[in-house]
Amino acid sequence: MTPNSANNKKAHPLIKLASSSSVKQVSGFASVAAGLSIDQLCQWYGSQKDAAPGRAAKGGKPYFVDHSGVTEKEHFAGETGGKKEGRKEEHLAIALFNDYGPSTEGLVTDQNDAISILDYQLPLKAASSDGLIGKVDLLALDAADRLAVVELKYMPVEGSVSSADTPLRAFLEGLAYCALLEADIEGLHQQAVEKFARPIVNNPPSLVVLANNMYWEMYLNSKVAGTWEIELQRLAMGVENNLGIPVSFLSLSLPDDPVKYQDRRPKFIQRPILERAW
């Protein structure tokens, strides 16, 4: 598979591939993953770096825009469907920031590795013309003091696999954001060290695909989706071995209604359990 205009430096090949219909289809994404070679992925990663807007180096703009952890509305309040589910995903990210932010010990995985959330909705654009580029769901610091791009997905109890992004799409989007940040790593690293006043390794960000347990259970048990996890693990190992970017797939064990609001500030009702997705 070849994204349109993949040889164009401004084509954003990984972002375009992540947005393709075959990657978004539950019944087709496993075969797309199986057809991807590590060489292809590495080549597109390099092209994605070339297309980076360079928010700090070229645009002279901050990555950290003083998010407050406060929301305008409460979206974990019985609303379901469409854009409201996306807002729940965003509020879940804010809850992680509020409860496990840079001033805390972080959220500990089942491997006793702590992840501290530095910020949410991290901007990547240097100009409004950078139209294809979104925001990083969460920027974290892992146990090795390395920056980590966290691509977050959420599926409610009443949801279905057809209503949530596929794991392959999450992986490709997160990998694209790693490329964009690696291209501007000096500026990002400098801003992070100055803001958080803690040691941070000046390496390209690692990638964490994080979703609630219901998301992983539905995809892993879906006959339509197939055995996609084998192919994603292959791609993840290839990315780490060839690009030096560790990739983790983590599950956030949550109750049905995980978030409460304190003065419009999302907080977890109980401490979530963080473990390997499979």
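In the block above lies the structure referred to throughout.
Please read these numbers as outputs of a predicted model, since none were measured by experiment.

Here the focus is the layout of surface pockets. The computed volume of the second largest pocket comes to approximately 200 Å³. In this structure, the second largest pocket is lined by 14 residues; those nearest its centre are Asp-113, Ile-115, Asp-142, Val-208 and Ser-248. Elements that contribute at least two residues to the lining of the second largest pocket include exactly strand S2 (114-123), strand S5 (201-212) and strand S6 (247-253).

What follows is about the sheet that holds S6. What the 7 strands build is an open sheet, ordered S1-S2-S3-S4-S5-S6-S9; its pairing is mixed. Looking at the sheet topology across the chains shown, the edges are occupied by strand S1 (107-108) and strand S9 (273-276). Examined bridge by bridge, S5 and S6 share 6 bridges and lie parallel to one another. When the sheet's bridge partners are listed, Leu-210 is paired in S6 with Leu-250. Along the sheet, helix H7 (residues 185-196) contacts S2, strand S3 (135-141), strand S4 (146-153) and S5; its crossing angle with S5, the most-contacted strand, is approximately 80°.

Our next topic: the packing of aromatic side chains. Within the structure shown, the criterion is met by 14 aromatic pairs. Between the aromatic rings of Phe-97 and Tyr-120, the centroid separation amounts to 5.1 Å while the plane-to-plane angle is 65°, which identifies the pairing as edge-to-face. With Phe-97 in helix H5 (residues 83-100) and Tyr-120 in strand S2, this pair connects stretches of sequence that are 23 residues apart. Exposure remark for Phe-97: the relative accessible area of 15% places this residue in the buried category. The interplanar angle of 70° and the centroid separation of 5.6 Å between the aromatic rings of Trp-216 and Trp-278 together place this pair among those described as edge-to-face. Residue Trp-216 is located in helix H8 (residues 213-220), and its partner Trp-278 is located in the segment after S9; the two are separated by 62 residues in the primary sequence. Linked through ring pairs, Phe-29, Phe-171, Tyr-215, Trp-216, Tyr-219, Trp-228, Phe-249 and Trp-278 together constitute an aromatic cluster. For Lys-195, the ring lying beneath its charged end belongs to Phe-196, and the centroid distance is 5.9 Å.

Turning to the state of the cysteines, a few remarks are in order. Counted by the stated rule, this structure contains 0 disulfides. In this structure Cys-42 is not part of a disulfide, and its nearest cysteine sulfur, from Cys-178, lies 13 Å away.

Next up on the list: the environment of Val-239. With respect to the element layout, Val-239 can be found in helix H9 (residues 228-243). On the accessibility criterion, Val-239 (1% relative accessible area) is buried. The contact partners of Val-239, leaving out residues within four places of it in the chain, are Leu-41, Phe-171, Leu-175, Gly-244, Ile-245 and Val-247.

Here we come to the pattern of salt bridges. Summed over the entire model, instances satisfying the criterion amount to 10 salt bridges. The partner of Glu-182 in a salt bridge is Lys-49, with the nearest N and O atoms 3.3 Å apart. Placement of Glu-182 in helix H6 (residues 167-182) and of Lys-49 in helix H4 (residues 38-50) is noted, with a sequence separation of 133 residues between them. The salt bridge partner of Asp-165 is Arg-169, with a shortest N-O separation of 3.1 Å.

What follows covers empty space enclosed by the protein. Under the definition given, this model contains 1 cavity of 30 Å³ or more. Looking at the largest cavity, its volume works out to about 60 Å³. Looking at the lining of the largest cavity, its residues break down into 9 nonpolar, no polar and no charged.

Turning our eyes to something else, we now look at the side chain of Arg-169. On the secondary structure map, Arg-169 appears in helix H6. Excluding residues within four positions of it along the chain, Arg-169 makes contact with Ala-18, Ser-19, Val-23 and Lys-24.

Attention now moves to the nonpolar core. As a rule of thumb, nonpolar side chains are buried together in soluble globular proteins. Counting 64 residues, the largest nonpolar core has Leu-168, Phe-171, Leu-172, Leu-181, Leu-207, Tyr-219 and Phe-249 as the members making the most contacts within it. In terms of residue count, H6 provides more of this core than any other element does, 11 residues in total. When sequence neighbours within four positions are dropped, the list of residues in contact with Leu-207 reads Val-149, Phe-171, Gly-174, Leu-175, Cys-178, Ile-245, Pro-246, Val-247 and Ser-248. Membership of the second largest hydrophobic core comes to 26 residues, among which are Ala-95, Leu-96, Leu-210 and Leu-252.

Take H7 next. If you check H7, its first and last C-alpha atoms are 16 Å apart, about what 12 residues at 1.5 Å a residue would give, namely 16 Å. When we look at burial in H7, the residues that qualify are Ile-185, Gly-187, Leu-188, His-189, Gln-191, Ala-192 and Phe-196. On its buried face, H7 is in contact with S2, S3, S4, H6 and S5. A positive phi of about 50° marks Ala-197, the residue just after H7.

Further remarks concern the pairing of S2. The buried fraction of S2 amounts to 8 of the 10 residues, a majority that puts the element mostly inside the structure. Two strands pair when backbone bridges link them, and S1 and S2 are joined in this way by 2 bridges, in the antiparallel orientation. For Val-108, the partnering residue across the bridge sits in S2 and is Ala-114. Sheet topology note: the S2/S3 ladder contains 6 bridges and is antiparallel. Residue pairing across strands places Tyr-120 opposite Leu-138, the latter belonging to S3.

What counts as what
- Residues numbered from 1 in each chain as written.
- Predicted model: local features only at pLDDT ≥ 70, side-chain atom pairs only at ≥ 80, totals over all residues.
- Heavy atoms only, no water.
- 1 Å grid on protein atoms, 1.4 Å probe; cavity = no way out; pocket = protein on both sides within 12 Å on 5 of 7 lines; lining within 4 Å.
- Points joined across faces, edges and corners; volume = space filled by probe spheres on them.
- Helix = DSSP H or I, 4+ residues; strand = E, 2+ residues; numbered from the N terminus.
- Pairing = 2+ DSSP bridges.
- Contact = heavy atoms within 4.5 Å.
- Axes fitted to C-alpha atoms, helices over the stretch in contact; angles between N-to-C directions.
- Phe/Tyr/Trp six-rings, centres within 6.5 Å; stacked < 30°, edge-to-face > 60°.
- Buried < 20%, exposed > 50% of the residue type's maximum accessible area, 1.4 Å probe, protein only.
- Lys NZ or Arg CZ within 6 Å of the ring centre and 35° of its normal.
- Disulfide = S-S within 2.5 Å.
- Salt bridge = Lys/Arg side-chain N within 4 Å of Asp/Glu carboxyl O.
- Nonpolar A, V, L, I, M, F, W, Y, C, P; charged D, E, K, R; others polar.
- Core = buried A, V, L, I, M, F, W, Y, C linked by side-chain atoms within 4.5 Å.
- Expected span 1.5 Å × (residues − 1).

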